[in-house]
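Architecture at a glance
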Amino acid sequence: MREIDIVTPIKAYAYEELSDNDRSLVDAARRAIAGAYAPYSNFKVGAAIRLDNGLVITGANQENAAFPSGTCAERSACYYAGANYPDAKFDTIAIAAVEPSGKEIKSPVAPCGACRQALLEYEKLAGHKVPVFLVGSNEIYRLPSVASMLPLAFSEF
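In this report, the structure presented in the accompanying data block is examined.

Rules behind the numbers
Residues numbered from 1 in each chain as written. Predicted model: local features only at pLDDT ≥ 70, side-chain atom pairs only at ≥ 80, totals over all residues. Heavy atoms only, no water. Helix = DSSP H or I, 4+ residues; strand = E, 2+ residues; numbered from the N terminus. Expected span 1.5 Å × (residues − 1). Buried < 20%, exposed > 50% of the residue type's maximum accessible area, 1.4 Å probe, protein only. Contact = heavy atoms within 4.5 Å. Pairing = 2+ DSSP bridges. Right-handed = clockwise from strand over helix to strand, strands pointing away. Phe/Tyr/Trp six-rings, centres within 6.5 Å; stacked < 30°, edge-to-face > 60°. Lys NZ or Arg CZ within 6 Å of the ring centre and 35° of its normal.

With twelve residues, helix α2 (residues 73-84) extends 16 Å between its outermost C-alpha atoms, agreeing within 8% with the 16 Å of an ideal straight helix rising 1.5 Å per residue. Among the residues of α2, A73, E74, R75, A77, C78 and A81 are the ones counted as buried. Along its buried surface, α2 packs onto β2 (44-51), β3 (56-60), β4 (90-98) and α3 (113-126).

It is worth spelling out α3 at this point. Note that an α-helix has 3.6 residues per turn; residues three or four places apart therefore point the same way. Along its 14 residues, α3 runs 20 Å from first to last C-alpha, staying within 8% of the 20 Å computed at 1.5 Å per residue. Residues of α3 that are buried include every one of C115, Q117, A118, L119, L120, Y122, E123 and A126, and no others. Elements that come into contact with the buried residues of α3 comprise β2, α2 and β4. Downstream of α3 by a residue or two, G127 has a phi angle that is positive, lying close to 80°.

Within the fold, R31 resides in helix α1 (residues 20-32). Overall, the relative accessible area of 58% leaves R31 in the exposed class.

This brings us to the pairing of β4. For β4, a buried count of eight out of nine residues is recorded, marking the element as mostly surrounded by other parts of the structure. Bridge analysis of β2 against β4 gives eight bridges, and the strand direction is antiparallel. Its bridge partner lying in β4, I49 is registered against I93. Two strands pair when backbone bridges link them, and β4 and strand β5 (residues 132-135) are joined in this way by three bridges, in the parallel orientation. Bridge pairing in β5 links I95 to L134. Note on the crossover from β4 through α3 to β5: the handedness is right-handed.

Summed over the entire model, instances satisfying the criterion amount to one aromatic pair. With 4.9 Å between their ring centres and 10° between their planes, F90 and Y122 make a pair best called stacked. Note that F90 is positioned in strand β4 and Y122 in helix α3, a separation of 32 residues in sequence. This pair shows no difference in class: F90 is buried, exactly as Y122 is. In this structure, R23 is placed above the aromatic ring of Y15, and the distance from its NZ or CZ to the ring centre is 5.9 Å.

Okay, structure coming up:
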């Protein structure tokens, strides 16, 4: 037997430490939260994806009483980008959320497994690592790629 350690490199930033370009994407994810429809969980999430053509696509989680037919913010943005800009490649992703009280979460929250897999497929289509910013009010995590959030990913497709 041998033990394998899986390590995910994360850089933690204060908002002010981000580049103007990255702050703009974080701001877009924060604004996207306003489009969330979450009457059941009251957990609202916004996602922003910068494409290689410079466009920023946003999405917000959408719930409904027919669980689990709602969708997460990440997949909302991801699928919109894929359907409307099929030739554009993902460049960078930012994800932000608020607590049921309406306050921005203190510590960043990562996407669910389904979103990680969906985003991973678009990272593969991009042909390069797609950085991910996970946004909290206390700090912002920068992960080097979508794959770094799903180290044992199903990627043979």
